[in-house]
Amino acid sequence: MNQSFDPEQNYEQSRKAIGYVGRKEATQADYDRIGFMSGLEVHQQLLTARKLFCRCPAGKFNSHDDFDAEIVRHMRPTLSELGEYDGTALMEFKTRKNIIYRIKNETACTYDVDDTPPFPIDPVALNIALEVSVLNKMNIVGEVHITRKQYLDGSIPGGFQRTAIIGVGGKIQLKNKTINLIQLSIEEDSSREISDVGHLRIYKTDRLGMPLIETVTHPEFINPDEVKEAADYIRFLNRSTGKVRTGIGSTRADVNVSCRGGTRVEIKGVAHTKWMPELTHNECFRQWALVHIIKLLKEKAGDEKKWKMNSVKINPEEFNFSYEPLQDAKKNKQEIIAIHLPGFRGILSHFTQPKQMFADEISTRLKVIACIEKPNIIHSEDLVKHISDKESENISKLLSCKKEDAWIVLWGPIEDIPTAIETVEERCRMAFNCIPNETRKALTDGGTTIFERVLPGADRMYPDTDSAPIPLKNEHIEAIRKQIPIDIFDRIQQLKAWNIPQGNYTYILKKNLVPLIEKINDELKISPRFTGTFLGHAMKFVENNFDTTDDFSYERIYDLFKFLKERKMDLNIARKMLIEYYQHPKLDFDSVLTYIKFKPVSPKEIKEKIPFLKEKFKQIKFSKKPEVDGKWIMGQVSSIALGNMNLAELKSEVT
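Residues numbered from 1 in each chain as written. Predicted model: local features only at pLDDT ≥ 70, side-chain atom pairs only at ≥ 80, totals over all residues. Heavy atoms only, no water.

Draft legend 1. Structural view of the pattern of salt bridges. Inspection of the entire model under this criterion finds 55 salt bridges. The shortest N-O distance in the salt bridge between Asp328 and Lys331 comes to 3.9 Å. Residue Asp328 and its partner Lys331 are both found in helix α7 (residues 324–331); the two are separated by three residues, about one turn of the helix. In this structure, the salt-bridge partner of Glu518 is Arg491, at a minimum N-O distance of 3.6 Å. Here Glu518, found in helix α14 (residues 514–524), pairs with Arg491, found in helix α12 (residues 488–497); they are 27 residues apart in sequence, far enough to count as distant. What makes Glu518 partly exposed here is its relative accessible area of 23%. (Salt bridge = Lys/Arg side-chain N within 4 Å of Asp/Glu carboxyl O. Helix = DSSP H or I, 4+ residues; strand = E, 2+ residues; numbered from the N terminus. Buried < 20%, exposed > 50% of the residue type's maximum accessible area, 1.4 Å probe, protein only.)

Written out as structure tokens, the structure is:
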């Protein structure tokens, strides 16, 4: 095989060949060129006292090592009523995983581990789901039918999730377009993964069974910014009810992405909307790169049906491998296999995502399906050489590689090697003619993804024979309709009318603080612009920089402003008081003033200091700029004036 091939150069050339541009440089023309298309499935935990189908408490979490028992399960595929196996089930079966569930008696019961039938659905959760459906302008179903949705990654012990459609249709209004919704469902949450190494996956069940709603949009987003805007909108709308959970993990979205010639790929469980633009951008270009690879393989390797790879077992005694993982494989008596990939030169190092190439598609599947932990391969197009040129030539000779061929060397436990070889061949054959339907997981870099599992089929749902249909009366729906909050689009218009700076909108809507601004305006007669800016700047800063206790709530801002109004104190001191009060919310406000060393001084006394300070400044003046003296004087008296008089009024006196 020709050793002059430069993998790094090939990586860069393939990146340019597909026209990849970074997220910040991309324009709508770039997304139109590759046919960007995306849709959302936004999951939101509901604020209920108990789980959806049992009496266990919801929202009570425990640490990884705090459990009373462990249960071991193995997932096995079964034939459907049509006599077919689900692709995801077959993939999971190949992994031969032992699934362990850590059970805490306080937060789980026999229903959670699929040993007893479900209780009737929690009526509080159902009402919240109905309220959000009405908010989304959906058509409400006449009867709620509980169904089972196959959940085959092991995160639900029974292998299925109970779910029910509540509303269909509906729409949300973004800044420049209307997005149509498919449906809103209510369902139970899955277990939280603790670890997934080799053939052992461990979950804990404190979150299992908590009620969720899932809002599904049509795939109508034509650029990454629209994806984030819609995800934020749905999140803000859900929170506007005041009946959903907030905090890390309470809102998660599955983002569906495709490109022209690609297929639907689901990026699973995205916890931060700020990650979505980069993730969807790179996923669409990843598929665009795979479309390009299809064309290259047809030119270089010919007909996929005639293509054949072969593998050879390597005797480690015949190779002087210095690469540590290969040395460990030899020491642990693992098998080392060399695989010949005819016509694949230039494919393994073909760009797919930033810092990833096609070989990473294979390596990650080996980790997930064959359960061989990374690093698990070296190949003929590694950007960083792990073996010598001589060893590379020997592998090529062993496999009888030609100029246009490539090779992979993998290693692992003997019992995992057949699955590993099969996985490599399966992924390489897919590269000839399709973009795999799959679920992918976002990496911690916030912009790229890796393979997680095969995407479940559309026929994964079937009726739950343990749950009776629930009829919904029109009077009940109408009663809910009368008490729903204002639409988020109207909330945004309200913030604009109040002249609150736009940079504060996201924080205010995320925290559902519009009702608080209204209350302060109506009852304390404090301008919404002041309150909105205070919340979006001062409150946000304090939250990001100081710790608090469960005793603090945003309603305390109303109490703080009321205290200052009653004392006839200037409201600007609230910013300084908030830092102390946020950290110690059990303090009364007089004590907070003592902590910040506030001293009451009359406006007259403050103003009387100005002439003296002006004369003093003339003696130390160091600049000819006219505004310098005013700034210096304000610096001398503002700390005394804070809380005692309006700073704008003081400034007018100084100037």
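Having seen the structure, we can now continue with the description.
Draft legend 2. Seen up close, the sheet that holds strand β16 (residues 335–341). Ordered by their spatial adjacency, four strands build an open sheet running β15-β16-β20-β19, and the pairing between neighbours is antiparallel. Whereas interior strands pair on both sides, the edge strands pair on one side only; in this sheet they are β15 (310–313) and β19 (377–379). In this sheet, neighbouring strand axes are inclined to one another by 20 degrees on average, regardless of whether the strands run parallel or antiparallel. Packing against the sheet, α7 makes contact with β16, β19 and β20 (406–412), and its axis sits at approximately 50 degrees to β20. (Pairing = 2+ DSSP bridges. Axes fitted to C-alpha atoms, helices over the stretch in contact; angles between N-to-C directions. Contact = heavy atoms within 4.5 Å.)

Draft legend 3. Up close: the sheet that holds strand β2 (residues 69–73). Spatial ordering of the open sheet is given by β2-β3-β11-β10, a layout of four strands whose pairing is mixed. Among the strands making up the open sheet, the edge pair consists of β2 and β10 (192–197). Between one strand axis and the next, the sheet turns through 20 degrees on average, direction left out of account. One ladder, built from five bridges, connects β10 with strand β11 (residues 200–204); its direction is antiparallel. Looking across to β11, one finds that Glu193 is bridged to Tyr203.

Draft legend 4. Up close: unusual backbone geometry. The linkage connecting Lys374 with the following residue, Pro375, adopts the cis geometry, with an omega of -5 degrees. Within the secondary structure, Pro375 is located in the loop between α8 (358–369) and β19. For Arg96, which is not a glycine, the phi torsion comes out positive at approximately 50 degrees. On the secondary structure map, Arg96 appears in the loop between α3 (87–95) and β3 (98–103). Judged by relative accessible area, Arg96 falls into the partly exposed class, the value being 40%.

Draft legend 5. Representation of the layout of surface pockets within the structure. In this structure, the second largest pocket encloses a volume near 1,300 Å³. Contributing to the lining of the second largest pocket are 41 residues, with Arg239, Thr246, Lys510, Lys511 and Tyr554 lying nearest its centre. Breaking the lining of the second largest pocket down by element, the ones donating at least two residues are α5 (224–239), β13 (251–258), α13 (505–510), α14 and α15 (528–545). If one sorts the elements of the lining of the second largest pocket by residue count, α5 sits on top with five residues. A domain-level breakdown of the lining of the second largest pocket finds at least three residues from each of domain 2 (39–264) and domain 3 (486–595). (1 Å grid on protein atoms, 1.4 Å probe; cavity = no way out; pocket = protein on both sides within 12 Å on 5 of 7 lines; lining within 4 Å. Points joined across faces, edges and corners; volume = space filled by probe spheres on them. Domains from an automatic or database assignment.)

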